[in-house]
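In case you want the letters, here they are:
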Amino acid sequence: MEFDELSVIGCAIEVHRSLRPGLLESTYRQCLGWELSHAEIPFQMEVPLPVRCKDILLDCGYRIDLLASGDLVVEIKSAKTLLPIHHAQILTYMRLAKISLGLLINFNVTKLQNGIKRFVL
């Protein structure tokens, strides 16, 4: 990884400081993308994630919110609380993408530090 995952967290904190809780996930995703660009951190947004069933790849509509530098899955949420299904979602995305590091970021919290979960496969 060319950058520290803390750089992505720093960008997320900047977005949270600017916008505060209460907006849609899509807003936080777009603004985090802008912050990553500004910090010159390479990323892709809304990365399609096909599912392999036997020998066939199927587009089932799964999308990684942000993929930083090709090796960090970032899943954005704006929820009252993170649920076990949110944890399962990012772990599944990481497994399907064969990426070992992920951040689940819930922007709907007073202090963003409390809304960040790190995952390692």
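Definitions and limits used
Residues numbered from 1 in each chain as written. Predicted model: local features only at pLDDT ≥ 70, side-chain atom pairs only at ≥ 80, totals over all residues. Heavy atoms only, no water. Helix = DSSP H or I, 4+ residues; strand = E, 2+ residues; numbered from the N terminus. Buried < 20%, exposed > 50% of the residue type's maximum accessible area, 1.4 Å probe, protein only. Axes fitted to C-alpha atoms, helices over the stretch in contact; angles between N-to-C directions. Parallel < 35°, antiparallel > 145°, perpendicular 65-115°, else oblique. Left-handed = near helix turned anticlockwise from the far one by under 90°. Contact = heavy atoms within 4.5 Å. Polar contact = N/O pair within 3.5 Å; in protein donor to acceptor, adjacent residues only side chain to side chain. pLDDT = per-residue confidence, 0-100. Phe/Tyr/Trp six-rings, centres within 6.5 Å; stacked < 30°, edge-to-face > 60°.

This part covers unusual backbone geometry. Only a minority of non-glycine residues have a phi that is not negative, and only a minority of peptide bonds are not trans. Of note, the phi angle at Lys 54 is positive, near 60 degrees, even though the residue is not glycine. Mapped onto the secondary structure, Lys 54 falls in the loop between β2 (51–53) and β3 (56–58). The exposed category is assigned to Lys 54, whose relative accessible area is 75%. Phi is positive for Ser 69, which is not a glycine, with a value near 55 degrees. Among the structural elements, Ser 69 can be located in the loop between β4 (63–68) and β5 (72–77).

This brings us to the packing of helix α1 (residues 5–19) against helix α2 (residues 25–38). The description of two helices packed together rests on the angle between their axes and the distance between the axes. For the pair α1 and α2, the least separation of the axes is 9 Å and the interaxial angle reads 125 degrees. Considered as vectors, α1 and α2 are oriented oblique to each other. α1 and α2 meet at a crossing whose hand is right-handed. Facing α1, whose interface residues are Val 8, Cys 11, Ala 12, Glu 14, Val 15 and Leu 19, α2 presents Thr 27, Tyr 28, Cys 31, Leu 32, Glu 35 and Leu 36.

Attention shifts here to the side chain of Asp 65. Of note, Asp 65 is situated in strand β4. At 3.3 Å, the side chain of Asp 65 forms a polar contact with the side chain of Arg 29. Not counting chain neighbours up to four residues away, the residues in contact with Asp 65 comprise Arg 29, Gln 44, Met 45, Glu 46, Val 74, Glu 75 and Ile 76.

Here the focus is the confidence of the model for the protein chain. Confidence in the prediction of the protein chain, expressed as mean pLDDT, is 94, and 98% of residues score 70 or more. Mean pLDDT per element in the protein chain: β2 is the minimum at 89, and β5 is the maximum at 98.

Another aspect to go through is the packing of aromatic side chains. Here the structure, examined in full by the defined rule, presents two aromatic pairs. Aromatic side chains Tyr 28 and Phe 107 sit 4.5 Å apart centroid to centroid with 5 degrees between the ring planes, which places their arrangement in the stacked category. On the criterion of sequence distance, the pair formed by Tyr 28 in helix α2 and Phe 107 in the loop between β6 (101–106) and β7 (116–120) is long-range, its members being 79 residues apart. For Phe 107, a relative accessible area of 0% puts it in the buried group. Summarising the aromatic geometry, the rings of Tyr 62 and Tyr 93 are spaced 6.0 Å apart at their centres and angled 65 degrees between planes, so their arrangement reads as edge-to-face. Taken as a pair, Tyr 62 in the loop between β3 and β4 and Tyr 93 in helix α3 (residues 84–97) lie far apart in primary sequence, 31 residues in all. Overall, Tyr 93 belongs to the buried group, its relative accessible area being 7%.

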